[in-house]
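The chain contents come next:
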Amino acid sequence: MTPHTDIRDSRLLYGCMGLGGDWDTRPWTAADLAHAETAVQAALEAGITAFDHADIYRHGKSEAVFGEVLARAGGLRERILLQTKCGIRLPDGDRAGRYDLRGPAITRRVEESLTRLRTDVIDVLLLHRPDPLARPQEIAEALTALHEQGLVRRFGVSNMSAAQIAALQASLDVPLVVNQLEMSLGRRDWVESGVLVNTSAAAANGFPHGTLEYCAAQGIRLQAWGPLAQGRFTGRADTRAAQLVAELAARKGTTPETILLWWLQRHPAGIAPVVGTTRPERIRACRDAVHRAVDLTHEEWYDLWVAARGAPLP
Ligand SMILES: NC(=O)c1ccc[n+]([C@@H]2O[C@H](COP(=O)([O-])OP(=O)(O)OC[C@H]3O[C@@H](n4cnc5c(N)ncnc54)[C@H](OP(=O)(O)O)[C@@H]3O)[C@@H](O)[C@H]2O)c1
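Small disclaimer: the values here were computed from a predicted structure and weren't measured.

Draft legend 1. Region of interest: the state of the cysteines. Throughout the structure, instances matching the rule amount to zero disulfides. Free of any disulfide, C16 has its nearest cysteine sulfur in C286, 13 Å distant. Owing to a relative accessible area of 0%, C16 belongs among the buried residues under this scheme. Here C86 is not cross-linked by a disulfide; its sulfur's nearest cysteine counterpart is in C16, at 17 Å. Overall, C86 belongs to the buried group, its relative accessible area being 1%.

Here it is in C-alpha cells:
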C-alpha cells in the first residue's frame, strides 16, 4: 500500500463516526474495539487509506478506539492519512451545544485528539462548522502555530460557504485544502443550486451557490459526508431511484453503493465521498469507487439525478 502525501489525491475516505460504541462518556469496550478493528480492516481491504474523524464523535471514543487500533497494528499509522475536526462542542449539562473556534480552544482540542489517536501528527485538521463569534486572525494564529510545531500538516473546513472560506483564507498563510459538505443522491441542494439559477425555485434552495466553483478554482478538495444517504438508495427504500441504482450496478458488474459513490465522483468539481457504514460487507461494497474508473455516462448520471429528485429538471 502506498501512503498518501496529499489528502486531495484520496478518492474515497472512511468516516469513523460509527466507531467507539455509544454516544456517551462511558469508556469504550472490548466489543467496541473488535468492531472498530473489523471496520478498519474492511476499509483497508477496499483500498481506502484516508480516515476521517472529529473530536466529538462518540464523545471522543471514535478517536480513542481508533488510536488503540493503530497501537495494535504496527506500522499502520505510516500507511494512512488521518483527518480530524474541531470546533463543535456537544451539549454539556445545562449548557447548549455550540461552536468554538477561539484560538486556545482549537489548540486544546488538537492536543486532545493527538493523545486519543496516539499519534504525533494529524495529517489534516478541519474546522467542523463556522463559529459566528470566531475572529479569522485568531483562528489563523492558532493554525499557524500548530503547523509550525509540526502537529498538523494541512488544514481545511467543513460545512462552509465560499464566502466563509475566502474570509478565513485571507488571514491565513497556510492554504485550506478541503471543504467537507453533505452531498449525495439524497442531499442534492449543492448540484440543484447550479441549475435553478433564474428559476422561481431558486429561493427555496439554501445552498450557497458558487461554493463548488470556488473550491474547484482554489484547489480545495470537496469531500462528501453522508454519501450513502443512510441506505435510502441501497436497500432501505424501494423507490424508482433505488431500482435504477440496482439496475445500473447489475449492468456494470458492481454494487449499488459504488453507483452512489460514482455519481458523486463523476462531478467535475472533484468530490471524495466519506463513507460511514460500519458493516464490513457494505464497506467492501465501496471498493470499486477506489479501484475502478467512474463508469457512468452523461445520460446515466442525469437519469439517476432526475429519478432521485422525482421531477423533471427545470
Ligand atoms: N462534517 C460533518 O459535519 C459530518 C457530519 C456527519 C458525518 N461526517 C463524516 O462522514 C462520515 C459518513 O457519514 P454518514 O455515516 O452519515 O454516511 P453514510 O455512509 O452515507 O451513511 C452511513 C449510515 O447509513 C447506514 N446505512 C448505509 N447503507 C445502509 C443500508 N443499505 N441499509 C441500512 N443502513 C444503511 C449505515 O449503517 P451501518 O453502519 O449499519 O451500515 C450508517 O449508519 C461519518 O463517519 C463522518 O466521518 C461528517
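Still to come is the rest of the account.
Draft legend 2. Summary view of the site of the ligand. In the region of the ligand, 26 residues are neighbours, and D52, L228, G276, T277 and R282 sit closest. Take S158: an N or O atom from its side chain is 2.8 Å from a nitrogen atom of the ligand. Between R282 and the ligand, the recorded distance is 2.4 Å, taken from a side-chain N or O atom to an oxygen atom. For the ligand, the accessible surface in isolation is 900 Å², of which the surrounding protein chains cover 84%. Taken atom by atom, the bulk of the ligand overlaps the largest pocket. Partitioned by chemical class, the residues of the shell around the ligand number nine nonpolar, 12 polar and five charged.

Draft legend 3. View of the side chain of S161. Of note, S161 is situated in the loop between β7 (152-158) and α6 (162-169). For S161, a relative accessible area of 12% translates into the label buried. Setting aside residues no more than four positions away along its own chain, S161 makes contact with P208 and T211.

Draft legend 4. Main features of the sheet that holds strand β10 (residues 271-275). Spatially, the eight strands close up into a barrel ordered β1-β2-β3-β6-β7-β8-β9-β10, and their pairing is parallel. Within the sheet, the average angular offset between the axes of one strand and its neighbour, ignoring direction, is 30°. Where strand β1 (residues 13-15) lies against strand β2 (residues 50-52), two bridges are found, and the strand directions are parallel. The residue bridging G15 from the neighbouring strand is D52, located in β2.

Draft legend 5. Highlighting the packing of helix α1 (residues 30-45) against helix α2 (residues 61-72). For the pair α1 and α2, interaxial distance at closest approach is 9 Å and the crossing angle is 65°. It follows from the interaxial angle that α1 and α2 lie roughly perpendicular. Here α1 and α2 pass one another in a crossing that is right-handed. Touching D32, L33, A36, E37 and V40 of α1 are V65, F66, E68, V69 and R72, all from α2. Of the residues belonging to the contact of α1 with α2, the class tally is six nonpolar, no polar and four charged.

Draft legend 6. The arrangement of the layout of surface pockets in detail. Of the pockets and cavities examined, the largest pocket occupies roughly 630 Å³. Lining the largest pocket are 31 residues, and of these M17, G226, Q230, G276 and T277 sit closest to its centre. Looking at the lining of the largest pocket, its residues break down into 12 nonpolar, 13 polar and six charged.

Draft legend 7. Expanded view of the pairing of strand β3 (residues 81-86). Among the six residues that make up β3, six are buried, leaving the element largely enclosed by the rest of the structure. Here β3 shows two buried faces, one formed by L81, Q83 and K85 and the other by L82, T84 and C86. Bridge count between β2 and β3: three bridges; the pairing is parallel. Bridge pairing in β3 places A50 opposite L81. One ladder, built from four bridges, connects β3 with strand β6 (residues 122-127); its direction is parallel. Paired with Q83 across the bridge in β6 is V124.

Draft legend 8. Main features of helix α8 (residues 211-218). Buried within α8 we find T211, L212, Y214 and C215. The arc that holds every buried residue of α8, seen down its axis, measures 165°, which confines them to one face. At its buried positions, α8 is contacted by α6, β8 (176-182), α7 (189-192) and β9 (221-225). G219 sits one or two residues past α8 and shows a positive phi near 75°.

Conventions and cut-offs
- Residues numbered from 1 in each chain as written.
- Predicted model: local features only at pLDDT ≥ 70, side-chain atom pairs only at ≥ 80, totals over all residues.
- Heavy atoms only, no water.
- Disulfide = S-S within 2.5 Å.
- Buried < 20%, exposed > 50% of the residue type's maximum accessible area, 1.4 Å probe, protein only.
- Near = heavy atom within 4 Å.
- Polar contact = N/O pair within 3.5 Å; in protein donor to acceptor, adjacent residues only side chain to side chain.
- Areas by Shrake-Rupley, 256 points an atom, 1.4 Å probe, with all protein chains shown as cover.
- 1 Å grid on protein atoms, 1.4 Å probe; cavity = no way out; pocket = protein on both sides within 12 Å on 5 of 7 lines; lining within 4 Å.
- Sits in = over half its atoms within 2 Å of the grid points.
- Nonpolar A, V, L, I, M, F, W, Y, C, P; charged D, E, K, R; others polar.
- Helix = DSSP H or I, 4+ residues; strand = E, 2+ residues; numbered from the N terminus.
- Contact = heavy atoms within 4.5 Å.
- Pairing = 2+ DSSP bridges.
- Axes fitted to C-alpha atoms, helices over the stretch in contact; angles between N-to-C directions.
- Parallel < 35°, antiparallel > 145°, perpendicular 65-115°, else oblique.
- Left-handed = near helix turned anticlockwise from the far one by under 90°.
- Points joined across faces, edges and corners; volume = space filled by probe spheres on them.
- Arc of directions from axis to C-beta.

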